[in-house]
Amino acid sequence: MSTNQSEKTSRRALKEENHATKKTKAPKESPKASSASDKQSRKQQKLKQKAERVENRRPRRRIFPIWLRIIIVLILAAAALVAGLMIGYGIIGDGVPTDALKKETWQHIIDIVTKAE
């Protein structure tokens, strides 16, 4: 027998076996009935899990209150602004870094921008 003929005979045998097993199988339950009971139990399981989570939930305890966090962020932002001014004016601009905090320096910059002398 050649390879093609042996393949054909094995395929034919498999088809006959599948056809014979299909006829002898017992009818199953209707899929709608089993899925409805599964859905019911799934819903009950979800509700039960949710109730357990609510019961077992510990109250959240924050170390830093929100108002303290806001104040810290504002202070850090102001510090970053001052540091940026001093670095920009003193190091990049070849001036004295503490002069960036003086009112006279800012008045002079405003006068230059508005061209008022």
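Residues numbered from 1 in each chain as written. Predicted model: local features only at pLDDT ≥ 70, side-chain atom pairs only at ≥ 80, totals over all residues. Heavy atoms only, no water.

1. So, the overall build of the chain
The criterion, for reference: Counting from the N terminus, the helices are DSSP H or I runs at least four residues long and the strands are E runs at least two residues long. Summary of the burial criterion: residues with accessible area below 20% of their type's maximum are buried, those above 50% are exposed, and those between are partly exposed, where the area comes from a 1.4 Å probe applied to protein chains only. Methods summary: accessible areas were calculated by the Shrake-Rupley approach with a probe of 1.4 Å, and residue burial reflects only the protein chains presented.
Along the chain, the regular secondary structure elements total 4 helices and 0 strands. Traced from its N-terminal end to its C-terminal end, the chain shows the element sequence α-α-α-α. Scored against the burial criterion, the 117 residues of the chain give a buried share of 3%. Element-wise, carbon and sulfur atoms account for 60% of the exposed surface of the chain, whose accessible area totals about 11500 Å².

2. Some words on helix 4 (residues 103-114)
An α-helix turns once every 3.6 residues. As a result, residues three or four positions apart point the same way. As a reminder, the rule being used: A helix is expected to span 1.5 Å for every residue after the first.
Between its first and last C-alpha, helix 4 extends 16 Å over 12 residues, near the 16 Å set by a 1.5 Å rise per residue. Of the residues trailing helix 4, Lys115 is marked for its positive phi of about 60 degrees.

3. Re a nonpolar patch on the surface
As a reminder of what qualifies: Only residues whose relative accessible area exceeds 30% and that take part in no salt bridge are eligible for patches, with like-charged residues grouped when within 9 Å of each other and nonpolar side chains (Val, Leu, Ile, Met, Phe, Trp, Tyr) grouped when within 5 Å. Salt bridges, as used here, are contacts in which a Lys or Arg side-chain nitrogen is within 4 Å of a carboxyl oxygen on Asp or Glu.
Nonpolar side chains collect at one region of the surface, where Ile63, Phe64, Ile72 and Leu76 lie side by side and expose about 440 Å² of accessible area between them. Along the chain, Phe64 falls in the loop between helix 2 (31-56) and helix 3 (66-92).

4. Some details on unusual backbone geometry
Even without being glycine, Asp94 reaches a positive phi, approximately 55 degrees. Turning to its location among the elements, Asp94 is positioned in the loop between helix 3 and helix 4. Residue classification places Asp94 among the exposed positions, given a relative accessible area of 69%.

5. Comments concerning the side chain of Thr105
What counts here: Residues adjacent in sequence count toward polar contacts only when both atoms are side-chain atoms; beyond that, a polar contact is any pair of N or O atoms within 3.5 Å, and within protein one must be able to donate a hydrogen and the other to accept it.
For Thr105, the position within the fold is in helix 4. In terms of polar contacts, Thr105 uses its side chain to reach the backbone carbonyl oxygen of Asp99, at 2.7 Å.

6. Examining helix 3
Helix length check: helix 3, at 27 residues, gives a terminal C-alpha distance of 37 Å against a target of 39 Å (1.5 Å per residue), a fit within 8%. In the segment just after helix 3, Asp94 is the residue with positive phi, at about 55 degrees.

7. Section: the confidence of the model for the chain
To be explicit about the condition: Per residue, pLDDT measures the predictor's confidence, with a range of 0 to 100.
Looking at the chain as a whole, the pLDDT averages 81, with 79% of positions reaching at least 70. Highest mean pLDDT in the chain belongs to helix 3 (95); lowest belongs to helix 1 (residues 3-24) (72).

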